Amino acid sequence: MAALYTGSHETNTQSNICRVCGDEIGRKENGDLFVACLECKFPVCRPCYLYERSEGNQCCPQCNVRYKRHKGCPRVIGDGEESDDGDDFEDEFQIKNHQETRDQNHVDNPSENGDSHLQKQSNANGFAFSYAGSVTGKDLEGDRDDEWKDRVEKWKTRQEKRGLVTKADGGASDPGDEDDFLMAEARQPLWRKLPISSSLINPYRIIIVLRLVILIFFFRFRILTPATDAYPLWLVSVICEIWFALSWILDQFPKWFPINRETYLDRLSLRFERDGEPSGLLPVDFFVSSVDPLKEPPIITANTVLSILSVDYPVEKVSCYVSDDGASMLLFDTLSETAEFARRWVPFAKKYGIEPRAPEFYFSEKIDYLKDKVQPTFVKDRRAMKREYEEFKVRINALVAKAMKKPEEGWVMQDGTPWPGNDSRDHPGMIQVYLGSGGALDVEGKELPKLVYVSREKRPGYNHHKKAGAMNALIRVSAVLTNAPFMLNLDCDHYVNNSKAVREAMCFLMDPQLGKKLCYVQFPQRFDGIDRNDRYANRNVVFFDINMRGLDGIQGPVYVGTGCVFNRQALYGYDPPVSEKRPKMSCDCWPSWCCCCCGGSRKKSKSKKKGLKALLGLGKFGGKKKYSKKTMGPAYDLEGIEEGLEGYDELEKSSLMSQKNFEKRFGQSPVFITTTLMENGGIPEGTNSNSLIKEAIHVISCGYEEKTEWGKEIGWIYGSVTEDILTGFKMHCRGWKSVYCMPKRPAFKGSAPINLSDRLHQVLRWALGSVEIFMSRHCPLWYAWAGKLKTLQRLAYINTIVYPFTSIPLLAYCTLPAVCLLTGKFIIPTLNNLASMWFLALFISIIMTAVLELRWSHVSIQDLWRNEQFWVIGGVSAHLFAVFQGLLKVLGGVDTNFTVTSKAADDAEFGELYLFKWTTLLIPPTTLIIMNMVGVVAGVSGAINNGYGSWGPLFGKLFFAFWVIVHLYPFLKGLMGRQNRTPTIVVLWSILLASIFSLVWVRIDPFLPKQTGPILKQCGVEC
């Protein structure tokens, strides 16, 4: 909020600055400065003008004259009326001292979120904006006192100039002025788009275009001037370079429109949290997924759950569901201990406002924990809480030690009954509710968020679809028990680092204009425990800070599997609401009589009818959800849905699904189907907790998804181990948008595998999922071309599924330097001045692209270089294996087991960095390093023997070889480990392969000219 209103107030020197939001006003298509009000020329930017016309009272803030419609702007109610009289600006804010000045002819204008705009009221507290908060000035004291007073005085001065408030009426001691200002602040947008400065982005775009032109001339030279003495090498190099150029285009152009976004949490509170009234914020269901508690330490999962239970959000609107896909009694007992410890941890975290609210990471932070703490009891309470947490850790460690050895008769619960999940592959569904309404209270007697343990049923012979199936089970369970309209999914090792992260997402999802078009809000992934140099690019900074921001400017970021807040309706396979389009023939370009003759009235009536259907939600699957308020009957009676439609005509009834279609789409659960009709969430009336638990057990049974659209069109999509990419892709194809939210304090943090072997296995799994998508019907190359996916967004998705195939030309290209050095040949003929110019221009353009990309993204050059290095390391190892495994799986039916990445719980800092684990993924990179090193030695030795003239051609080959070695250097360090020792098996395999290749090459030597005539030998006699 401060960023909008700080700065100078002189209108003479800053007439091109919007007086509402503080942004630049911008210019029209003809280059003239945009003028919102034609009467007083009050400086207002186009977004604020459009917002005022669609959501406000459509009047100028200064002269109070109704805004005229500008060409190209959408129409609103009242544009066609003769009278230009509109409501006073203060009608929007319900000013207490001037209610008698309101226009009696005010027309209600329904907003996008279903609320009516303002009606005449005799009570100043009866706001039409029921979510506008009432915050007194003392709530905003502190460092911003001067700024706040300045803004209030600015608002009152503007009222005095307009003659609506006099100095006598609006004294400085009148608290009503501040309340009015707060209400005016509440109706401001909850977020703002911040485009990258043109001085940063335009040179970047120019260099991209220049680089593309240089590439064209470069390939022209490469193709027209082959190396005749090394034709095979030249051909391979040209094919590889063309593939690299195509990959660069797929990666580069989706970054053409990068943007930033800014949220305003204070406005969210003013709008939805009023004193003395229930919170208007919508509920959120948290999903935490776990598979194996021995590989995913229970203490890490417990910290994730504790951070969720203590988020800065209304308690009654938060529910946490933990999916145990391994049916482990260890995780069950861990959650029991966690629920008990949460009774003390949650009130402590909220009372003192600590960050982060995961105790393991809070107590291990090496910072001044007394900073900004003024309560004298904080030190005492912190010491007591730290001692209690250490006792809690000891109890969890005891559970882990007990779980290491399974009894022969199986696990037994505390009440003496056998644990239902003794066989993790054959067990019934299990649900346990620990906290929440009616559950245990915290130590201060306050309610805690609901915590639910879920383990879906598993039986032999069923395909359970791994993580995607577990997430779909959580969707159904949460819909039956709480049915929050939004869902936030986290991996078990990703804790909430910013307690206001949910509020950040709500600034977008609860926006009246944008919210209903959003399928999800994606947060960047940040990690703890990574070494300072980030040897293996675990942070993925280039992807999260560059690529994702570029996608945010198109149709939205891709879904990355965790740290994402979903719109439940989008996961149900619904299409987004369709905005009513303005008629093609309007009175701006044709006379009124011509519009009537050409059928303008008919189009208008059709448009109105279409708009009514859009408002009611009638569409492909939209009709169901908009009728929820009128059709909600008994929880188990779908016929009540049909009976509640007596007031609608047959056309609108026919757009609703029949009961059979409901069951075919969502499964045979009347309770769940009923919840899908409730757009704003909530539990159906007439239900009780026992019946809901039974229904929840039913919806996680093995056969529930049979003959339904789960995993095909609904929920997480099946068919790939990277279900996240596939799920987001399907939603974007339907026309949904997504948003990338990057708060200053990272929203979530997790752990990443920092040792080489685990990192390569993680990349292998991601690449294998991309190959599976490439070979499926959902491949972006051919799927949904008739859909609503934008072209640049499609390029980005194509890049996500094509990049593993780059490993084949990359492996060949990294082999070429060694071949050139061993044979004395080169892939490029002798260069002339023109050819040297194209090589130099290409090299400079590559450097300039990187430098300008770093300028607007603020990514460090070290992060960019680590990303480039691991692109080569992963490309010649994990990506290569993923391509062949994908081919075997799709074409040969050889399935690949899903490997859970181990989560670090070691107290030693960076202890796993030097841990070595043998894997076949290490052989190709090691072989490349040895081959290129041998090639360098052979090349230098040959130059020494052949004299001075052979050094010139050698430099290009040496540069080529050093390029490979430098990119593989982090891999080499990983092989050496802490003791600089490499496992014998790796050395033996690599030397064996390199030797075999070298000997075979020398024996064949395809570049040695073959002599066809008789062999002539010198006789040794002087003739």
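The rules behind these values
- Residues numbered from 1 in each chain as written.
- Predicted model: local features only at pLDDT ≥ 70, side-chain atom pairs only at ≥ 80, totals over all residues.
- Heavy atoms only, no water.
- Phe/Tyr/Trp six-rings, centres within 6.5 Å; stacked < 30°, edge-to-face > 60°.
- Helix = DSSP H or I, 4+ residues; strand = E, 2+ residues; numbered from the N terminus.
- Buried < 20%, exposed > 50% of the residue type's maximum accessible area, 1.4 Å probe, protein only.
- Lys NZ or Arg CZ within 6 Å of the ring centre and 35° of its normal.
- Pairing = 2+ DSSP bridges.
- Axes fitted to C-alpha atoms, helices over the stretch in contact; angles between N-to-C directions.
- Parallel < 35°, antiparallel > 145°, perpendicular 65-115°, else oblique.
- Left-handed = near helix turned anticlockwise from the far one by under 90°.
- Contact = heavy atoms within 4.5 Å.
- Nonpolar A, V, L, I, M, F, W, Y, C, P; charged D, E, K, R; others polar.
- Salt bridge = Lys/Arg side-chain N within 4 Å of Asp/Glu carboxyl O.

1. Quick word on the packing of aromatic side chains
A complete count under the given rule lists 47 aromatic pairs for this structure. Measuring from centroid to centroid gives 5.1 Å for Phe332 and Trp419, while their planes differ by 50°, and the two rings are tilted. Here Phe332 is found in helix 9 (residues 329–352), whereas its partner Trp419 is found in the loop between helix 11 (378–403) and strand 5 (430–433), with 87 residues between them in sequence. With respect to class, Phe332 is no different from Trp419; both count as buried. What links up through ring pairs into an aromatic cluster is the set Phe341, Trp345, Phe348, Tyr352, Tyr362, Phe363, Phe378, Tyr389 and Phe392. For Arg759, the ring lying beneath its charged end belongs to Phe870, and the centroid distance is 4.5 Å.

2. Some remarks on the pairing of strand 6 (residues 450–455)
Counted residue by residue, strand 6 has five buried out of six residues, so it is predominantly covered. When strand 4 (residues 318–324) meets strand 6, the two strands line up parallel, connected through five bridges. Across the sheet, residue Val322 finds its bridge partner in strand 6, namely Tyr453. Here strand 5 pairs with strand 6 via four bridges, running antiparallel. What sits directly across from Met430, in strand 6, is Ser455.

3. A few points about the packing of helix 28 (residues 807–823) against helix 32 (residues 923–946)
Between helix 28 and helix 32, the least distance of the axes is 7 Å, while the angle of their chain directions is 25°. If you check the angle between helix 28 and helix 32, you find them roughly parallel. By crossing handedness, the relation of helix 28 to helix 32 is classed as left-handed. Between helix 28 and helix 32, the residues in contact are Leu811, Cys814, Thr815, Pro817, Ala818, Leu821 and Leu822 and Leu928, Met931, Asn932, Val934, Gly935, Val936, Ala938 and Gly939, respectively. Among the residues forming the contact of helix 28 with helix 32, the class breakdown is 11 nonpolar, four polar and no charged.

4. Some remarks on the pattern of salt bridges
Applying the stated criterion across every chain, the model contains 31 salt bridges. Across the salt bridge formed by Asp325 and Arg456, the nearest N and O atoms sit 2.7 Å from each other. Of the two residues, Asp325 sits in the loop between strand 4 and helix 9 while Arg456 sits in the loop between strand 6 and helix 12 (466–481), which places them 131 residues apart along the sequence. In this structure, Arg745 engages Glu355 in a salt bridge whose closest nitrogen and oxygen atoms are separated by 3.9 Å. Here Arg745, found in the loop between strand 12 (737–740) and strand 13 (748–751), pairs with Glu355, found in the loop between helix 9 and helix 10 (359–363); they are 390 residues apart in sequence, far enough to count as distant. A residue is classified by how much of its surface remains accessible, and Glu355, at 23% relative accessible area, is partly exposed. Taken together, the shared-partner salt bridges in this structure form one network comprising Glu273, Asp312, Lys500 and Arg503.

5. Focus on the sheet that holds strand 3 (residues 284–290)
Within the open sheet, the eight strands sit side by side as 5-6-4-3-7-11-9-12. Their pairing is mixed. Of all strands in the sheet, those bounded by a partner on one side alone are strand 5 and strand 12. Looking at each pair of strands side by side, their axes are set apart by 20° on average, direction ignored. Summarising the sheet, strand 9 (residues 518–522) and strand 11 (residues 564–567) pair through three bridges and their orientation is antiparallel. Looking at strand 11, one finds that Tyr520 is bridged to Phe566. Sitting on the sheet, helix 9 touches strand 3, strand 4, strand 5 and strand 6, and the angle it makes with strand 6 is about 175°.

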